[in-house]
Protein chains: 2
Amino acid sequence: MPTLLHHPLDPSTRMVRLMLAEYGVPVDLEEIKPWLREPDFLDINPAASVPVLIEEEAVAAVGLLATIFTIEERYAPSTVAGLIPTVGSERAEMWRLFEWVNGKFNDEVTRYVIEEKIAKRDQRGATPDTGVLRAAKANLQEHLLYFAWLFASRRWLAGDEMSLADFALAAHISTLDYIGDIDWEAAGEMRDWYSRIKSRPAFRTLLNDRVIALPPHAGYADLDF
Amino acid sequence: MPTLLHHPLDPSTRMVRLMLAEYGVPVDLEEIKPWLREPDFLDINPAASVPVLIEEEAVAAVGLLATIFTIEERYAPSTVAGLIPTVGSERAEMWRLFEWVNGKFNDEVTRYVIEEKIAKRDQRGATPDTGVLRAAKANLQEHLLYFAWLFASRRWLAGDEMSLADFALAAHISTLDYIGDIDWEAAGEMRDWYSRIKSRPAFRTLLNDRVIALPPHAGYADLDF
């Protein structure tokens, strides 16, 4: 069974867990706090980031791209049923939004929230910077407007079929929702989409996540939120 | 002929240009200053980033991942001669370093340099923030040590064959070299690697780049630098 080095609230590893669950691949989870930069972990990934996927008799897949391509190549049931669209134009749109979520959205929203609200819990005496959190919240509203606009004309993030882009966004949104940062009353068309993806069997593993001394926001695990 | 929306000193578009040249694909270049966020450009890419690859009778490929996969699928001469390794473990290592360069290295070095030294030239009265540039320079030294350490035991960035990871790093290094930010005396094993990749025919297009009122650093276009 492969081992995934992860953190329960890290969006990249949440995305990988969704992917593994969707493809029916059991996995051993090993929790890492990447921000502690522990020497044993830096030996495995000097970039100090998760995910890292370790399989017996194979070189570890280190980082998000290496991990998702390893999973796609080994475990995707078939191209048709997989998470990467087979039509070229749909695939390009999927990569555009995958990059939007893991690049722009992460840079402008999620990584600030994780740094201030999660990582700083492990620094004695550190407190969240409210100025940074206010900026992240303003950025989040802009992004949610854009996603809602997309969902007004398509069923899934990159088109009419569910794809890796949906898992990427669902991973980030679920991290923010755990912490209570999503205002579902104002989320518009995005709420329907999240309700649909949250109801998938693959999502169950994420809904059971609990971080010590940081309980999830009310409604986090409810399918009718 | 496809059209590439680019900026001469944007590392992601430099990487795409290297890839197109390596595959022998002629391209029309159209210069964009993404930081100006011009409405016509935002209509094409609301993320306000390059590259964007536009081909007749096809949906535009927007962003780095969409563009490189589109090029790889349409123009790679064959899997064997392509830039994505065919062996799984080598491919995982390639994606690890691709992500390192376009994620971590960009976040910690290149994007600060571009913001302070290039984008601010278009803001009346703005001057580079020397504190930011000092931090970027310190980060650059750490990264160069890591790359030199890798090159001490391998010919190319991700292994014994040239790959997309080399083009990613060469694109970033060449942007920094244009501006004069690379100290080649201190670059160790990396200098040999850069000399080799700079001598490739695909590199010529980048060496002819000139930005108005910002001439390249001495040695930028020299193969014997």
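Residues numbered from 1 in each chain as written. Chains lettered and ligands numbered in written order. Predicted model: local features only at pLDDT ≥ 70, side-chain atom pairs only at ≥ 80, totals over all residues. Heavy atoms only, no water.

An unreviewed UniProt entry annotates chain A as Glutathione S-transferase originating from Devosia geojensis.

The next thing to look at is the overall build of chain A. The number of helices and strands found in chain A is 8 helices and 4 strands. When the helices and strands of chain A are listed from N to C terminus, the series reads β-α-β-α-β-β-α-α-α-α-α-α. Whereas a compact globule of 225 residues would reach a radius of gyration of roughly 17 Å, chain A reaches 17 Å, a difference of no more than 12%. Once the C-alpha set of chain A is aligned to its principal axes, its extents read approximately 50 × 50 × 30 Å. Evaluated residue by residue, chain A yields a buried proportion of 53% over its 225 residues. Once local pairs closer than 6 in sequence are excluded, the contacts in chain A between residues at least 24 apart make up 67%. Carbon and sulfur atoms make up 49% of the accessible area of chain A, which totals about 10,200 Å². Counting 23 positive and 35 negative side-chain charges, chain A places the averaged centre of each group 5 Å from the other. (Helix = DSSP H or I, 4+ residues; strand = E, 2+ residues; numbered from the N terminus. Rg over C-alpha atoms; globule rule 2.2 N^0.38 Å. Buried < 20%, exposed > 50% of the residue type's maximum accessible area, 1.4 Å probe, protein only. Contact = heavy atoms within 4.5 Å. Areas by Shrake-Rupley, 256 points an atom, 1.4 Å probe, with all protein chains shown as cover. Lys, Arg positive; Asp, Glu negative; His and termini not counted. Charge placed at Lys NZ, Arg CZ, Asp CG, Glu CD.)

As a further point, take the environment of A:Ile182. Residues and elements named next belong to chain A. Following the sequence through the fold, Ile 182 ends up in the loop between helix 6 (164–179) and helix 7 (190–198). A residue is classified by how much of its surface remains accessible, and Ile 182, at 5% relative accessible area, is buried. As a C-alpha pair, Ile 182 and Arg 96 span 86 residues in sequence and 23 Å in three-dimensional space. The contact partners of Ile 182, leaving out residues within four places of it in the chain, are Leu 140, Ile 173, Leu 176 and Asp 177.

Right, let's talk about the sheet that holds strand 2 (residues 28–31) of chain B for a bit. The sheet built from 4 strands is open, its strands ordered 2-1-3-4 (chain B) with mixed pairing. In this open sheet, the two strands that pair with only one neighbour each are strand 2 and strand 4 (61–62) of chain B. (Pairing = 2+ DSSP bridges.)

On to the domain arrangement of chain A, then. All names here are of chain A. Considered domain by domain, chain A is made up of domain 1 (3–75) and domain 2 (88–201). Taking only C-alpha atoms into account, the centre of domain 1 sits 20 Å from that of domain 2. Facing the 17 residues of domain 1 at the interface are 20 residues of domain 2. When domain 1 packs against domain 2, the two sides together hide about 1,500 Å² of surface, and 75% of this comes from carbon and sulfur. Connecting domain 1 to domain 2 are 2 salt bridges. For Arg 200, the salt bridge is made with Glu 22, and the minimal N-O distance between the two is 2.7 Å. When residues of the side of domain 1 that touches domain 2 are traced back to their parent elements, those giving at least two are helix 1 (11–22) and helix 3 (64–75). (Domains from an automatic or database assignment. Buried area = accessible area lost by both parts, 1.4 Å probe. Salt bridge = Lys/Arg side-chain N within 4 Å of Asp/Glu carboxyl O.)

Before going further, it helps to spend a moment on the layout of surface pockets. Its volume calculated, the second largest pocket comes out at about 370 Å³. Lining the second largest pocket are 16 residues, with A:Glu73, B:Phe69, B:Glu72, B:Ile84 and B:Arg91 sitting closest to its centre. Residue assignment for the lining of the second largest pocket shows that the elements contributing at least two residues are helix 3 and helix 4 (88–118) of chain A together with helix 3 (64–75) and helix 4 (88–118) of chain B. (1 Å grid on protein atoms, 1.4 Å probe; cavity = no way out; pocket = protein on both sides within 12 Å on 5 of 7 lines; lining within 4 Å. Points joined across faces, edges and corners; volume = space filled by probe spheres on them.)

Turning our attention to helix 6 (residues 164–179) of chain B. Residue and element names in this part refer to chain B. Spanning 16 residues, helix 6 covers 23 Å between terminal C-alpha atoms, matching the ideal 22 Å at 1.5 Å per step. The buried fraction of helix 6 amounts to 16 of the 16 residues, a majority that puts the element mostly inside the structure. Gly 180 lies just past helix 6 and shows a positive phi near 95°. (Expected span 1.5 Å × (residues − 1).)

Let us look at the UniProt feature "domain: GST C-terminal" (unreviewed entry) in chain A. UniProt marks residues 87–216 of chain A with the feature "domain: GST C-terminal" (unreviewed entry), using the numbering shown here. In residues 87–216 of chain A, helix accounts for 63% and strand for 0%; the two terminal C-alpha atoms are 38 Å from one another. (UniProt positions renumbered as here; feature names shortened; annotations may be inferred.)

In this assembly, 23 residues from chain B lie in contact with 24 residues from chain A. Interface area for chain B against chain A, summed over the two sides, is near 2,000 Å², with a carbon-plus-sulfur share of 62%. Of all residues in chain B, B:Leu65, B:Trp95 and B:Glu99 give up the largest surface area on contact with chain A, accounting jointly for 23% of the area buried on that side. Between B:Asp107 and A:Arg111 there is a salt bridge whose closest N-O contact spans 3.3 Å. Linking chain B with chain A are 8 residue pairs in polar contact (both at pLDDT 80 or more), by the criterion used here. Only helix 3 and helix 4 of chain B provide two or more residues apiece to the side of chain B that touches chain A. Among the residues forming the side of chain B that touches chain A, the class breakdown is 13 nonpolar, 3 polar and 7 charged. (Polar contact = N/O pair within 3.5 Å; in protein donor to acceptor, adjacent residues only side chain to side chain. Nonpolar A, V, L, I, M, F, W, Y, C, P; charged D, E, K, R; others polar.)

With that out of the way, let us pick up the relation of the copies chain B and chain A. Overlaying chain B on chain A yields an RMSD of 0.0 Å, the required transformation being a rotation through 180° with an accompanying axial translation of 0.0 Å. What the superposition gives is, in effect, a two-fold axis relating one chain to the other. Among all residues of chain B, the one whose C-alpha sits closest to the rotation axis is B:Gly103, at a distance of 4.0 Å. The share of interface residues of chain B whose copies in chain A are also at the interface is 100%, consistent with both copies meeting through the same surface. (Least-squares fit on C-alpha atoms with pLDDT ≥ 70 in both.)

Of all hydrophobic cores here, the largest spans 135 residues; its most connected members are A:Trp95, A:Phe147, B:Trp95 and B:Phe147. Beyond its immediate sequence surroundings of up to four residues, B:Phe147 is in contact with B:Trp100, B:Val101, B:Phe105, B:Leu157, B:Leu169 and B:Met190. (Core = buried A, V, L, I, M, F, W, Y, C linked by side-chain atoms within 4.5 Å.)

A few words on the pairing of strand 2 of chain B. Side-chain positions along a regular strand alternate between the two faces of the sheet. All names here are of chain B. In this sheet, strand 2 lies alongside strand 1 (residues 3–6) in parallel orientation, the contact comprising 4 bridges. What sits directly across from His 6, in strand 2, is Glu 31. For the handedness criterion, the β-α-β arrangement of strand 1, helix 1 (residues 11–22) and strand 2 is classed as right-handed. (Right-handed = clockwise from strand over helix to strand, strands pointing away.)

Residue position: A:His6 is located in strand 1 (residues 3–6). Residue contacts for A:His6: discarding those within four places in its chain leaves A:Thr13, A:Arg17, A:Leu29, A:Glu30, A:Glu31, A:Ile32 and A:Val50.

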